[in-house]
Amino acid sequence: MSQSLIVFKPSGKVEYQYNNKITPFNEFISCIVNETTNDLDTNFFTTRLNQKRFYGYKRDQVYVAIYFDAITTIDSEKIKSSLNSIARTFIKFEDEDDFDNTKLTQLIDLQFNQLMLMKSDVKTVETKLETPKPDTITAINKKKVNPINKKMRKWEGGEMVDVDSSQVLDYSVGQLSNIDDSSNLISIDDSNFIKENELVLVNELQQILQDEDDSIDNQNKHQSGGLTGKFFQKISGYLGGSINVDDVSKKFYEQLISKNVAASTSKIIIDKINHKLLNKSGITFNVYKQTLIDELTKILTPNVSTDLLYDIKKNSNSQRPYVISIVGVNGVGKSTNLAKLAYWFLQNNLNVLICACDTFRSGAVEQLKVHVNNLKRLNDSTSSNAKIDLFEKGYGSGDHVVATAKAAIQYGSENQFDVILIDTAGRTHSNTRLMAPLKKFGDAANPDKIIMVGEALVGTDSVEQALNFNNAFGNKRNLDFFIISKVDTVGDLVGTMINMVMATNVPILFLGTGQTYSDIKRLSTKTVVEMLLN
Ligand code: GDP
């Protein structure tokens, strides 16, 4: 992954840059100018352009912007707080008469590097078992799950970049056997990574940041209502009176977009509402809003059973275990959510076999091995009689995936497993060459359910992701469910759920709400609709 950071003024003048990658910011800046970014919070916004995720923060008359050229695992709160701190550091220095550019650069570099350390998952793994609480599902309490660095990287043009997934990967078995699961139990103190000469800088930085600037914060709070907020405040005085439907629909359209619902999806919804209200007289604000609430509720309400446990138990007389395969783009949380499902099944006394069918990405099998070992330890500490195991046949391309899946189903049938959860390789949804093998896999493994994991962070691109995965299995087969991951990182910007369901008519099974095994929740349609219209 590469990333770059700039500090710039509303005039467009770049005051500071890290990583010399100005060009990709040009488009982002035009999104800021055209107000097409998505607000994550007051003065904190994001967008995705050309495979890059941008975040921007505005403080006073200073913008700080960053991009990641792959999905980042740093949660947006941490990004916001770092960008805010960088802006404050810049403002503080800018105000000084004897402006020390070197010191400023050092301090910003330090903050940038500290933010980047947060995605160095390998260093910060801390896994510790909790004593199970009797009335709740317990989980492994850990800061970070990923024990294996998943992406192949190379040094190119002065920066670390991901190797294209279509390139040859290292399948060396010797290397894989060196991986020691127990290393994940080591707790590491981040402060050990701070070099001695940086400690002085850290102290200085702390002083700068302690210097709270209440006036700016108050000003930010004051502005937080934004256009939509002000509009709704104004209109609330007229709730009982009839409204101008065009005005109200325009504002609700903007409201949906501000919650990460794609513009095309928002338009379809609002057009539908307007059509429903056509020829009705005396439409009040409340009538309009209620019609929209009903429509959003209808979109999110599954029209098929989502009772997986019932289906699996019903299948228990069959020779073949219940087979579920998990698909999705790289990094969205497929293996984490597969592990969460496994944990839930174990809690329900079901024997779970996890099949490692991401036979392509270096480290994928080991990542699952760690999850299975964690789940075994967790399961052993409860009264559950259920068992969990990993089925893997190492790495390989071509027919190896299908052969592994078939062998796992055979093994599961012979060894009394109730459920087989098949992990598949992450793939770029827009790359037809990478998507094509999914059909072959679906035909051969014939899973009872295909679940796509989509991340709540993704925004507008979620429509295309959902469509492409839904179409990948041929005419006779669709996705059965979505799991929407990382919902904990988006606040009330939950529009991705609407985008994915509207595009495909596939219901949401669960929401992923964090990085521990119990961070999985049923969808509360009411809560999501409230968040969208809040
Ligand atoms: P995969 O490549 O699709 O298998 O993705 P992983 O399962 O390896 O997950 C990628 C990253 O997302 C990991 O750091 C996970 O801990 C993180 N992740 C997965 N689900 C969630 C979630 O619901 N919330 C948060 N905050 N992080 C998640």
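Here, every reference points to the structure presented above.
A brief look at the structure comes next. This one's a predicted model, so the numbers in the text were calculated from it and none came from an experiment.

**Quick look at the site of the ligand**
- Taken together, 25 residues lie around the ligand, and Lys-334, Ser-335, Thr-336, Gln-367 and Asp-488 are the ones closest in.
- Taking Thr-513, its main chain carries an N or O atom lying 3.5 Å from an oxygen atom of the ligand.
- In isolation the ligand exposes 580 Å². Once the protein is present, 97% of that is buried.
- Ranked by residue count, the leading element in the shell around the ligand is helix α12 (residues 334–347), at five residues.
- Residues that form the shell around the ligand fall into these classes: three nonpolar, 15 polar and seven charged.

**Remarks on the sheet that holds strand β3 (residues 38–41)**
- Across the sheet, which stays open at both edges, the six strands sit in the order β2-β1-β6-β5-β4-β3 with antiparallel pairing between neighbours. Unpaired on one side and paired on the other, β2 (14–18) and β3 mark the two borders of the sheet. Within the sheet, the average angular offset between the axes of one strand and its neighbour, ignoring direction, is 20°.
- Bridge count between strand β1 (residues 3–8) and β2: four bridges; the pairing is antiparallel. By the bridge assignment, Phe-8 is partnered in β2 with Val-14.
- In this fold helix α1 (residues 23–33) packs onto β1, β4 (44–49), β5 (52–59) and β6 (62–68), with an angle of close to 125° to the strand it touches most, β4.

**Structural notes on the sheet that holds strand β16 (residues 481–485)**
- Read from one edge to the other, the open sheet built from eight strands follows the order β13-β12-β14-β11-β15-β16-β17-β18, with strand pairing classed as mixed. Strands at the two margins of the open sheet, each flanked by one partner only, are β13 (388–391) and β18 (520–521).
- In this sheet, strand β14 (residues 419–424) lies alongside strand β11 (residues 322–327) in parallel orientation, the contact comprising five bridges. Across the sheet, Val-323 pairs through a bridge with Ile-420, a residue of β14.
- Contacts from α12 reach β11, β12 (352–357), β13, β14, β15 (449–455), β16, β17 (508–512) and β18 within the one sheet, and its direction differs from that of β14 by about 175°.

**Focus on the environment of Lys-52**
- Mapped onto the fold, Lys-52 is located in strand β5.
- In this structure, the C-alpha to C-alpha distance between Lys-52 and Phe-28, residues 24 residues apart in sequence, is 10.0 Å.
- Sequence-distant contacts of Lys-52, that is, excluding residues within four places in its chain, are made with Pro-24, Thr-47, Tyr-67, Phe-68 and Asp-69.

**Focus: helix α2 (residues 76–95)**
- With 20 residues, α2 extends 28 Å from end C-alpha to end C-alpha; this agrees with the ideal 28 Å at 1.5 Å per step.
- Counting buried positions over the 20 residues of α2 gives 14, a clear majority of the element.

What counts, and where the lines are drawn
Residues numbered from 1 in each chain as written. Predicted model: local features only at pLDDT ≥ 70, side-chain atom pairs only at ≥ 80, totals over all residues. Heavy atoms only, no water. Near = heavy atom within 4 Å. Polar contact = N/O pair within 3.5 Å; in protein donor to acceptor, adjacent residues only side chain to side chain. Areas by Shrake-Rupley, 256 points an atom, 1.4 Å probe, with all protein chains shown as cover. Helix = DSSP H or I, 4+ residues; strand = E, 2+ residues; numbered from the N terminus. Nonpolar A, V, L, I, M, F, W, Y, C, P; charged D, E, K, R; others polar. Pairing = 2+ DSSP bridges. Axes fitted to C-alpha atoms, helices over the stretch in contact; angles between N-to-C directions. Contact = heavy atoms within 4.5 Å. Expected span 1.5 Å × (residues − 1). Buried < 20%, exposed > 50% of the residue type's maximum accessible area, 1.4 Å probe, protein only.

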